[in-house]
Amino acid sequence: MNLLLASAIAVLIGSGAYLVLRARLFTVLLGLMLMGYGVNLFLLAMGRVRVLVPPIIRDAGGPYADPLPQALVLTAIVIGFGMTAFLLALAVRSRAVFGSDHVDGLADAPP
Amino acid sequence: MIATAFSAELLSRLAPTSGHDAFARDLLVLPMLLPLAAACLSVLSSSLLWRRTLMLGTTVLLVAVSGWLLLMADLGHVLVYRLGNWPVPVAIVLSLDRLSALLLLLTAVVATGSAWAALRGDDQHGPYFHAAFLLLIAGVNGAFLAGDLFNLFVSFELLLIASYGLLVFGATPTRVRSGVHYVVLNLVGSSIFLVGIGMLYSVTGTLNLAELAQRVALLDAPSAAFARSGALLLFVVFALKAALVPFSFWLPAAYSAASPPVAALFAILTKVGVYAIVRMHTFVVGTDAGHSADLYGDWLWPMALLTVGFGALAAVGTRSVRRLQSALLVMSVGTMLASMAIGSEAGLAAGLFYLVHSTIAAAAMFLIAALSEQRDTPRRWTGLLFFAGAVAVAGLPPLSGFLGKVLILQALPVDGRLPVMWTVVLGSSLLAVIALSRRGAALFWGAVEAPETPTLPRISEPRSARRAPLSRVPPTALLLVLVVLTVGAGTLSNYTHRTAQQLLAPGHIRSQILNTPGGR
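Residues numbered from 1 in each chain as written. Chains lettered and ligands numbered in written order. Predicted model: local features only at pLDDT ≥ 70, side-chain atom pairs only at ≥ 80, totals over all residues. Heavy atoms only, no water.

**Quick word on the packing of helix α6 (residues 98-118) of chain B against helix α7 (residues 129-145) of chain B**
Residue and element names in this part refer to chain B. Between α6 and α7, the least distance of the axes is 9 Å, while the angle of their chain directions is 170 degrees. Taken together, the axis directions place α6 and α7 in an arrangement best described as roughly antiparallel. Between α6, through S100, L103, L104, T107, A111, S114, A115 and A118, and α7, the contact on the second element is made entirely by F129, F133, I137, V140, N141, F144 and L145. Across the contact of α6 with α7, the residue classes break down as 11 nonpolar, 4 polar and no charged. (Axes fitted to C-alpha atoms, helices over the stretch in contact; angles between N-to-C directions. Helix = DSSP H or I, 4+ residues; strand = E, 2+ residues; numbered from the N terminus. Parallel < 35°, antiparallel > 145°, perpendicular 65-115°, else oblique. Contact = heavy atoms within 4.5 Å. Nonpolar A, V, L, I, M, F, W, Y, C, P; charged D, E, K, R; others polar.)

**Comments concerning helix α24 (residues 506-514) of chain B**
An α-helix turns once per 3.6 residues; consequently, residues spaced three or four apart project the same way. Residues of α24 of chain B that are buried: P506, I509, R510, Q512, I513 and L514 of chain B. Against the buried residues of α24 of chain B lie β1 (79-82), β2 (93-96), α10 (209-218), α14 (269-284) and α23 (489-503) of chain B. (Buried < 20%, exposed > 50% of the residue type's maximum accessible area, 1.4 Å probe, protein only.)

**A closer look at α10 of chain B**
All buried positions along α10 of chain B are accounted for by L209, A210, E211, L212, A213 and V216 of chain B. Tucked inside the fold, the buried residues of α10 of chain B contact α8 (149-167), α9 (173-204), α14 and α24 of chain B.

**Concerning the interface of chain A and chain B**
Each side of the interface is counted separately: chain A has 29 residues, and chain B has 29 residues. Note on chain A versus chain B: buried area summed over both sides is about 2600 Å², and carbon and sulfur give 85% of it. Inspection of the region where chain A meets chain B yields 0 salt bridges. The tally of links from chain A across to chain B stands at 4 residue pairs in polar contact (both at pLDDT 80 or more). Here the residues of the side of chain A that touches chain B sort into 21 nonpolar, 4 polar and 4 charged. (Buried area = accessible area lost by both parts, 1.4 Å probe. Salt bridge = Lys/Arg side-chain N within 4 Å of Asp/Glu carboxyl O. Polar contact = N/O pair within 3.5 Å; in protein donor to acceptor, adjacent residues only side chain to side chain.)

**Quick look at unusual backbone geometry**
All names here are of chain B. Here the residue pair V245 and P246 is connected by a cis peptide bond, since its omega of 5 degrees sits within 30 degrees of zero. Within the secondary structure layout, P246 lies in the loop between α11 (221-242) and α12 (251-257). Residue A243 is not a glycine yet carries a positive backbone phi of 65 degrees. Looking at the element boundaries, A243 is found in the loop between α11 and α12. A residue is classified by how much of its surface remains accessible, and A243, at 0% relative accessible area, is buried.

**Notes on the side chain of K241 of chain B**
Residue and element names in this part refer to chain B. Looking at where K241 falls in the secondary structure, it is placed in helix α11. Despite being buried, K241 has no salt bridge partner; E157 is the closest side chain of opposite charge, sitting 6.0 Å away. With sequence-adjacent residues up to four places away left out, K241 is seen in contact with F156, L160, N186, W250, L269, T270 and G273. (Lys, Arg positive; Asp, Glu negative; His and termini not counted.)

**As for the confidence of the model for chain B**
Residues and elements named next belong to chain B. The share of residues in chain B with pLDDT of 70 or more is 90%, and the mean pLDDT across the chain is 87. Note on residues 1-7: pLDDT under 50 across the span, and 12 contacts to partners over four residues away in sequence or across chains. Here residues 9-20 is modelled with pLDDT under 50, and outside its nearest four sequence neighbours on either side it reaches 16 contacts, counting other chains as well. (pLDDT = per-residue confidence, 0-100.)

**Focus: the confidence of the model for chain A**
Per-residue confidence for chain A gives a mean pLDDT of 88, with 96% of residues at or over 70. Mean pLDDT across the secondary structure elements of chain A bottoms out at helix α3 (residues 67-98) of chain A, with 91, and peaks at helix α1 (residues 2-20) of chain A, with 94.

**Comments concerning the packing of helix α17 (residues 345-373) of chain B against α23 of chain B**
Residues and elements named next belong to chain B. Their axes nearest at 8 Å, the elements α17 and α23 cross at an angle of 130 degrees. Relative to α23, the element α17 lies oblique. Crossing of α17 against α23: the hand is right-handed. Two secondary-structure elements touch here, α17 through E345, A346, L348, A349, L352, F353 and V356 and α23 through A489, L492, S493, T496, H497, T499, A500, Q501 and L503. Partitioning the contact of α17 with α23 into residue classes produces 10 nonpolar, 5 polar and 1 charged. (Left-handed = near helix turned anticlockwise from the far one by under 90°.)

**Description of the nonpolar core**
All names here are of chain B. Counting 209 residues, the largest nonpolar core has L337 and I360 as the members making the most contacts within it. Broken down by element, the residue count for this core peaks at 19 residues, all from α17. If sequence neighbours within four positions are ignored, I360 has contacts with L106, V109, V110, L478, V481, L482 and L485. (Core = buried A, V, L, I, M, F, W, Y, C linked by side-chain atoms within 4.5 Å.)

**Overview of the pattern of salt bridges**
Residues and elements named next belong to chain B. According to the stated counting rule, one finds 8 salt bridges over all chains in the structure shown. Among the ionic pairs, R98 bridges to D74, the shortest N-O distance being 2.8 Å. Taken together, the residues span a long stretch of sequence, with R98 in helix α6 and D74 in the loop between α5 (48-73) and β1 at a distance of 24 residues. Since its relative accessible area comes to 10%, R98 is described here as buried. For D74, a relative accessible area of 13% corresponds to the buried category. D74 is the partner of R498 in a salt bridge, and the nearest nitrogen-oxygen pair spans 2.8 Å. With R498 in helix α23 and D74 in the loop between α5 and β1, this residue pair connects regions lying 424 residues apart in the sequence.

**Brief notes about the pairing of β2 of chain B**
Residues and elements named next belong to chain B. Side chains of β2 alternate between two faces, with V93 and S95 and L94 and L96 buried alike. Here 4 bridges tie β1 to β2, and the two strands are oriented antiparallel to one another. Among the inter-strand pairings, L79 is bridged to a residue of β2, identified as L96. (Pairing = 2+ DSSP bridges.)

**Some details on the environment of I92 of chain B**
Residues and elements named next belong to chain B. Mapped onto the fold, I92 is located in the loop between β1 and β2. Using a relative accessible area of 40% as the deciding quantity, one classes I92 as partly exposed. Separated by 32 residues in the primary sequence, I92 and V60 have C-alpha atoms spaced 28 Å apart. When near neighbours in sequence (up to four residues on either side) are disregarded, I92 contacts Y81, R82, L83, D148 and N151.

Below, the structure written as structure tokens:
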């Protein structure tokens, strides 16, 4: 389970970083989204992974999952969604202004 | 602003309330709540006059509220506001010490100046300028008040998304291009921020800064290594916001592209990064943090010095007066952080003094820079303003920047760091003077050098902005604030000394936050 989670985070953040370094705004956007997913998983993992355990402390006691990272992830997802939407709008505007979706607004290279 | 600072001692004795007064604590939420509420109201209305009144009225009101909070904070108590009245380690807390209060007041003053300057027409390109402006202030104030790491993150995001909107407001090609870079860079920064928070949480189990500091100090070596990595990742994010080398290359492009009032307001944004670094440096990974003691010290000193060098060289190397001012802003951030990195009370106090001066000077100079690019306004007064602004940002006598630099140079202990710091501060000041006088001579005594050739065809500014000449009044008012700062330098310097004392005794703040009475 831990290995699976760790490799999922690694793949998400690795491919996200690769895509962010591309020169097209669309791939940069995809990369940022992947990185966001990876970071959210990481936050979740930092609260220790427990399977089939409720995030509340019962009167009877018993195991519980740490609810705080889950709340953090929820907030981070909402914020990430807003930021992605803004960047998408900005990318569309950038393409309208420059006529290409190069990150520096350069013209498209001839094929 | 300074009228309050002047009578601080007198009033603090007259004021019957103490820091634990319920009324004072409830007021603590106002610096966030007022701009948030005003932003919501401004979205609802289509009347420009109403939205402008809201924007300017809120900033003026914030000056009053922050001034009062400063007097409260100067009583020596840490004011703590628990959202939802939960007991402390559980509750989301807002806390106010002398440092937060000083920065709140500084934010309010700079925001008033730039809101005033925006009335010339920069706010007319779209309906949401005022809302974004107010949200930015809410985010900045929230960051200064946040008592836990995640709230700091949320405040950062709030101010960032507002700053994205303000930066590209008007959507000229330069603004869109530098806006894209700024947004992508800060989104990556936010991811790193979350990773850092997660790492600190995983070993300490808390996000409350006071509790975090106590637990970081008690960690055993392997866990402390993990916490140190997390704290250093946070340092990277804060350095990105404060524009420390090697994370400062985005700033001149972004700030010089923004409209002048926005650039003036952005002068406070780098200070949010500086604040976060100082807070972590003194409070969480300070000298009493066990295995993580003085974690930032080794990095802060060389990075700050390099930042001063980068800013000075960038200032000399540019032909655009806005880029020149952006470079000088980077330089001033380096100077204040180098002083704070010394680690002594005098160094911290001098850095804070210089922070107050340089932020107001930078805001004024961004407005003057835009003014001096206009060819159709009377040149003589603009020239005099440019001269006064240049004196302020270069840190020459008689204005308070000179006092700040003298304080910084005096604060140095006599060891290997002294010659390095003297060389860097004095050399960078010289380069700043050279750059400013070259630019001033070219602008006002006939262009010796060819103007900077724009790489892209420029879309002209909207007609409303061009028709109304930029007012000279807001930058003059900001410069007058500097004059008052110079006259009242003793009061401010005493205050920054008391702030430094408070910061260097973090155990006292921690116990005050954690032992806040009340709860369910």
